[in-house]
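Letter by letter, the chains look like this.
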There are 2 protein chains.
Amino acid sequence: MNTVPQPAADVRIVLVGTSHPGNIGSAARAIRTMGLERLVLVAPERFPHPDAVAMAAGADDVLAAATIVGNLAEAVADCALVLGCTARSRRIQLEELSPRAGAARLLDAAGPGAPVALVFGRERTGLENHELQLCHAAVHIPANPDYSSLNLAAAVQVLAYELRVATLERAGLPTGGSDGHREAPASHAQLEGFFDQLGDTLEAIDFHKGRAPESALRKLRRIFLRCGLDEREVRLLRGVLADAQRMARLAGGHGDTR
Amino acid sequence: MNTVPQPAADVRIVLVGTSHPGNIGSAARAIRTMGLERLVLVAPERFPHPDAVAMAAGADDVLAAATIVGNLAEAVADCALVLGCTARSRRIQLEELSPRAGAARLLDAAGPGAPVALVFGRERTGLENHELQLCHAAVHIPANPDYSSLNLAAAVQVLAYELRVATLERAGLPTGGSDGHREAPASHAQLEGFFDQLGDTLEAIDFHKGRAPESALRKLRRIFLRCGLDEREVRLLRGVLADAQRMARLAGGHGDTR
């Protein structure tokens, strides 16, 4: 069985102007191990090529299904989101995302009828500026500044891995270890219910003391959204809030038991 | 400049019984791009070898400094923590960690005089049971169950990447994009101070109602440790706790202002 929910199938890996066919094969293997399938090759120097098949090591179905086009514009014409991978931070106008943030952005945008693309440039020279201009944002792998030359397939592996982890997390599936959440992740509605009660509690315990509540609430939302709460954890936190509200009522505050 | 704080330097990458010298070179390149340096080779089939140098592509200093030993026990004899990477989930007695959790565990344990090891097995057969028994836990890359054969260097790249991200996050450095934490991450002492106050607050608002407090506190610690709080966020959360404690005192509870 394939445990990769649909979104990953809508993520297209685009390799631009690859010079070594072996790297195309290694990239095919890398994306296949992470549950991705769609490979688009923009003007590869040598493809098809036996080195590609050799390095694909069983992922040759990805190679066989690969699309070959003449330029990046063709490759991403129908895409809802296009991210360009840059091995090092560059002076570009594009917003720069970490691989983790980039994977999340791609899954947010991907869907049936809304393919998204993750673009990788040439082994030596990366993406040209006119190609970066076709991208909505750049993804930067935080490599060692003293030695940032990731192999093309290695960069594909890192991004494909982040896409896999993000996909599994969204499906509530473990991301490798027994440390994965057992419980179902909290739903949007459950989180909003928690945030409503959190807001009421801050009022009840007079946390704001006349200040506008928005800023503190926004920061608290960011914290709790970041840690990916499961249902049981939301119940636990709401239990704590309920007792704080109860104390506020006993103290003559204006607690809210909603 | 090398932006990798010290812990990474105490992380040892151990390759056991590697058959293809090219994979040793690719692994050297992978760890160097992620700011790691220490490579230990356990009974490599062919090393030194020109293929290793060719695939290292400039990371040959890592190869030159690599240690060669006869068995895994020698390689990890002085290590404070040893994690074994397994490409697929296995029926083993070991705790299984995701790559992310494994990286965090290694950095927690690593330090001057306390090297830690991340162990990778043979290309085809992985680690033997007597080798896994030398590991304190296993790290499992959540590969596609339909096709889980990561290349050895690709597996090294994924784990080295997670170690790099964890190291940068702990140093409060951006992890590639403009989305990294700006604020300094909270220190261990700051987090413990927060957890102490959280415990006092649960007492004050009578959250436990006669139940033993350990279980709830452990679950709450897990939530807040998971989301990687920065200093400002800890101050914000402690401010909320302080007002809850104040309400408890007004309510005639036994609030604690420590």
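Here the residue index of a chain counts from 1 through its sequence in written order. Whichever chain is written first is A, and whichever ligand is written first is 1; the rest continue in order. With pLDDT at 70 or above as the cut-off, local features in this predicted model cover only qualifying residues; side-chain atom pairs require 80 or more to be listed or tallied, and sums for whole chains, interfaces and linings still use all residues. Only hydrogens and water are set aside when side-chain values are computed; all heavy atoms of the structure are taken into account.

An unreviewed UniProt entry annotates chain A as tRNA (cytidine/uridine-2'-O-)-methyltransferase TrmJ originating from Luteimonas padinae. UniProt positions are given in the numbering used here, feature names are shortened, and annotations may be inferred rather than shown by experiment. Note on chain A: under the UniProt heading Subunit (unreviewed entry), the record states "Homodimer." Comment text from UniProt for chain A, heading Sequence similarities (unreviewed entry), reads "Belongs to the class IV-like SAM-binding methyltransferase superfamily. RNA methyltransferase TrmH family."

## Topic: the relation of the copies chain B and chain A
In this comparison the copies share one frame, found by least squares on the C-alpha atoms of residues holding pLDDT of at least 70 in both. Of the two same-sequence chains, chain B is brought onto chain A (RMSD 1.7 Å, axial shift 0.7 Å) by a rotation of 180°. The operation mapping one copy onto its partner corresponds to a two-fold rotation axis.

## Regarding the interface of chain B and chain A
One widely used convention gives an interface's size as the accessible area the parts lose upon coming together. We call two residues contacting when some pair of their heavy atoms lies within 4.5 Å. On the chain A side, the residues contacting the 73 residues of chain B number 73 residues. By buried area we mean the combined loss of accessible area, with a 1.4 Å probe, across both parts when two parts are placed together. Roughly 6,000 Å² is buried in total at the junction of chain B and chain A, and carbon and sulfur atoms are behind 61% of that figure. Between Lys or Arg on one side and Asp or Glu on the other, a salt bridge is scored when a side-chain nitrogen of the former is within 4 Å of a carboxyl oxygen of the latter. Here chain B is connected to chain A by 6 salt bridges. The residue A:E162 makes a salt bridge to B:R100 at a minimum N-O spacing of 2.9 Å. Distance and chemistry together define a polar contact, namely a pair of N or O atoms within 3.5 Å, with one atom able to donate a hydrogen and the other to accept it when in protein, and with adjacent residues in sequence counting only for side-chain atoms on both sides. For the pair chain B and chain A, the number of links is 22 residue pairs in polar contact (both at pLDDT 80 or more). Secondary structure counts use DSSP, requiring at least four H or I residues in a row for a helix and at least two E residues in a row for a strand, with both numbered from the N terminus. Going through the elements one at a time, helix 1 (21-33), strand 5 (96-97), helix 5 (99-109), helix 7 (152-170), helix 8 (188-204), helix 9 (214-226) and helix 10 (231-250) of chain B are the ones with two or more residues in the side of chain B that touches chain A. Counted by class, the side of chain B that touches chain A contains 37 nonpolar, 19 polar and 17 charged residues. Basically, the charged four are Asp, Glu, Lys and Arg, the nonpolar ten are Ala, Val, Leu, Ile, Met, Phe, Trp, Tyr, Cys and Pro, and anything else, Gly included, counts as polar.

## Topic: the nonpolar core
One finds A:L39 and B:L39 to be the most contacted residues of the largest nonpolar core, which totals 95 residues. Not counting residues within four places of it along the chain, the set of residues in contact with B:L39 comprises B:I13, B:L15, B:I24, B:A28, B:I31, B:V62, B:L63, B:A66 and B:T67. Membership of the second largest hydrophobic core comes to 42 residues, among which are A:F194, A:L202, A:I205 and A:F224. Each nonpolar core is a collection of buried residues, namely Ala, Val, Leu, Ile, Met, Phe, Trp, Tyr and Cys, held together in the definition by side-chain atoms within 4.5 Å. Classification of residues uses two cut-offs on accessible area relative to the type maximum, computed with a 1.4 Å probe and protein chains only: under 20% is buried, over 50% is exposed, and between them is partly exposed.

## With respect to the sheet that holds strand 6 (residues 116-120) of chain B
All names here are of chain B. Strand order across the open sheet formed by 7 strands is 3-2-1-6-4-7-5, with parallel pairing between neighbours. Each edge of the sheet is formed by a strand with only one pairing partner; in this case those strands are strand 3 (67-69) and strand 5. To get an axis, fit a line to the C-alpha atoms, keeping to the stretch in contact for a helix; angles then go from 0 to 180 degrees between the N-to-C directions. The strands that helix 1 touches are strand 1 (11-16) and strand 2 (38-42); relative to strand 2, the one it contacts most, it runs at about 155°. Against the sheet, helix 5 touches strand 1, strand 4 (81-86), strand 5, strand 6 and strand 7 (137-140), its axis set at about 165° to strand 4. For two strands to be treated as a pair, DSSP must find at least two bridges joining them.

## Considering the packing of aromatic side chains
Stacked, edge-to-face and tilted labels apply to pairs of Phe, Tyr and Trp rings (six-membered ring for Trp) whose centres lie within 6.5 Å, assigned for plane angles under 30 degrees, over 60, and everything in between, in that order. In the structure shown here, the tally under the stated rule is 5 aromatic pairs over all chains. For the ring pair A:F194 and A:F195, a centre distance of 5.4 Å and an interplane angle of 45° mean the geometry is tilted. An aromatic cluster is defined as three or more aromatic residues linked by ring pairs; in this entry it consists of A:F194, A:F195, A:F224, B:F194, B:F195 and B:F224. Against the face of A:F207 rests A:R211, its NZ or CZ located 5.4 Å from the ring centre. The criterion for a charge sitting over a ring is simple: Lys NZ or Arg CZ within 6 Å of the ring centre, and within 35 degrees of the ring normal.

## Side note on the pairing of strand 4 of chain B
As a general feature of sheets, a regular strand has side chains that alternate between the two faces. Residues and elements named next belong to chain B. A large share of strand 4 lies buried, amounting to 6 of its 6 residues. Across the two faces of strand 4 the burial is the same, with L81, L83 and C85 and V82, G84 and T86 all buried. Across 5 bridges, strand 4 lies against strand 6 in parallel orientation. Bridging across to strand 6, G84 finds its partner in V119.

## Brief notes about the domain arrangement of chain A
Looking at the assigned domains, one finds that chain A contains domain 1 (11-170) and domain 2 (188-254). The source of the domain bounds is an automatic or database domain assignment. For domain 1 of chain A and domain 2 of chain A, the distance between their C-alpha centres works out to 41 Å.

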